[in-house]
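Below are the chains, spelled out letter by letter.
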Amino acid sequence: MDIYLVDLIKRMNETSDQVLKPGFRSEETISWKALREAEKLNKPEFITQLVEFINDEKNKKNRDRAYFALGHLAKNIKSYYATQYLIQRIEKETDKYIISALLDRIAELDKPNGTDLKPIIKETTNKKWLVRYSAIRALKYSNDKLAEETLIEILDHSNDSGDLIYGSSTLFRVGTMKAIPHLERLLNSRKRDVKLSAQVAIEEIHKRHINNLEKD
């Protein structure tokens, strides 16, 4: 792998200067600066190198940082290959924190029709809330009907506030008029955040529907 990427991942994992003392500022640490640097990656040739690194790397912290870098690179250059690769890696990891962070990266990527969403959808029923919430959010920016159907299923059968809030907020992005009746049921919720997230999603879906009609 390019020596720059090796050094970047090393700096992203650096903790030697993270000493909590008067005047400490996280944004001045080596890792914070390296993470901001990774967010700006835009060289297509780095994709294959990061994929090969992840496939061979045994250290989970290094893989986690490589996922972060690849996720931002995929977003910056709109790489469908990298997006699909990251989705397939969900099933390869076992650490809940790494899976959650990986799903958070995927959430920001476009997932056009034809994208294999099954690894994401599987995690929407994970018993660990950290992973489950991230999986629900990861269906954002998907045009596949399966994403909306999965989110509707969550609204209809979950009693978990987080599931309902994140399900609604994701439908805010991908929902169609089909989701409206399921969101409307949440307007009767006694929990303010659940009710509010559903209300906002309903308004946005209606607005999107009207805009689409006007385009036609």
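Shown above is the structure to which this text applies.
Residues numbered from 1 in each chain as written. Predicted model: local features only at pLDDT ≥ 70, side-chain atom pairs only at ≥ 80, totals over all residues. Heavy atoms only, no water.

*Asks:* What is the right way to read the nonpolar core from this model?
*Replies:* It is characteristic of soluble globular proteins that their nonpolar side chains tend to be buried jointly. One finds Leu 50, Leu 70, Ile 90, Leu 103, Ile 106, Ile 120 and Leu 183 to be the most contacted residues of the largest nonpolar core, which totals 58 residues. The greatest single-element share of this core, amounting to seven residues, is contributed by helix α4 (residues 60-77). The residues touching Leu 50, leaving out its near neighbours within four places in the chain, are Met 1, Leu 5, Ile 9, Ala 66, Ala 69, Leu 70 and Leu 73. (Core = buried A, V, L, I, M, F, W, Y, C linked by side-chain atoms within 4.5 Å. Buried < 20%, exposed > 50% of the residue type's maximum accessible area, 1.4 Å probe, protein only. Helix = DSSP H or I, 4+ residues; strand = E, 2+ residues; numbered from the N terminus. Contact = heavy atoms within 4.5 Å.)

*Asks:* Sorry, what's going on with the layout of surface pockets here?
*Replies:* In this approach a probe as big as a water molecule rolls over the atoms, and the regions it shows empty are the leftover space. The computed volume of the largest pocket comes to approximately 350 Å³. Of all the secondary structure elements, the ones that give two or more residues to the lining of the largest pocket are α9 (145-157), α10 (161-174) and α12 (192-215). With five residues, the single largest contributor to the lining of the largest pocket is α12. For the lining of the largest pocket, the per-class residue count stands at five nonpolar, six polar and eight charged. Of the voids in this model, the second largest pocket is the one considered here, and its volume is about 240 Å³. For the second largest pocket, the full set of lining residues is Asn 13, Lys 60, Lys 61, Asp 64, Arg 65, Tyr 67, Phe 68, Asp 95, Ile 98, Ala 101, Leu 102 and Arg 105. Going through the elements one at a time, α4 and α6 (96-107) are the ones with two or more residues in the lining of the second largest pocket. (1 Å grid on protein atoms, 1.4 Å probe; cavity = no way out; pocket = protein on both sides within 12 Å on 5 of 7 lines; lining within 4 Å. Points joined across faces, edges and corners; volume = space filled by probe spheres on them. Nonpolar A, V, L, I, M, F, W, Y, C, P; charged D, E, K, R; others polar.)

*Asks:* Which parts of the structure should I look at to understand the pattern of salt bridges?
*Replies:* One pass over the full model with this rule turns up 16 salt bridges. The shortest N-O distance in the salt bridge between Arg 11 and Asp 7 comes to 2.7 Å. Of the two residues, Arg 11 and Asp 7 both sit in helix α1 (residues 3-12), four residues apart, roughly one turn of that helix. Residue Asp 7 is classed as partly exposed on the basis of its relative accessible area, which comes to 34%. Note that Lys 140 and Glu 108 form a salt bridge whose closest N and O atoms lie 3.0 Å from each other. Note that Lys 140 is positioned in the loop between α8 (129-137) and α9 and Glu 108 in the loop between α6 and α7 (118-123), a separation of 32 residues in sequence. A single salt-bridge network, built from bridges that share partners, covers Asp 7, Arg 11 and Glu 37. (Salt bridge = Lys/Arg side-chain N within 4 Å of Asp/Glu carboxyl O.)

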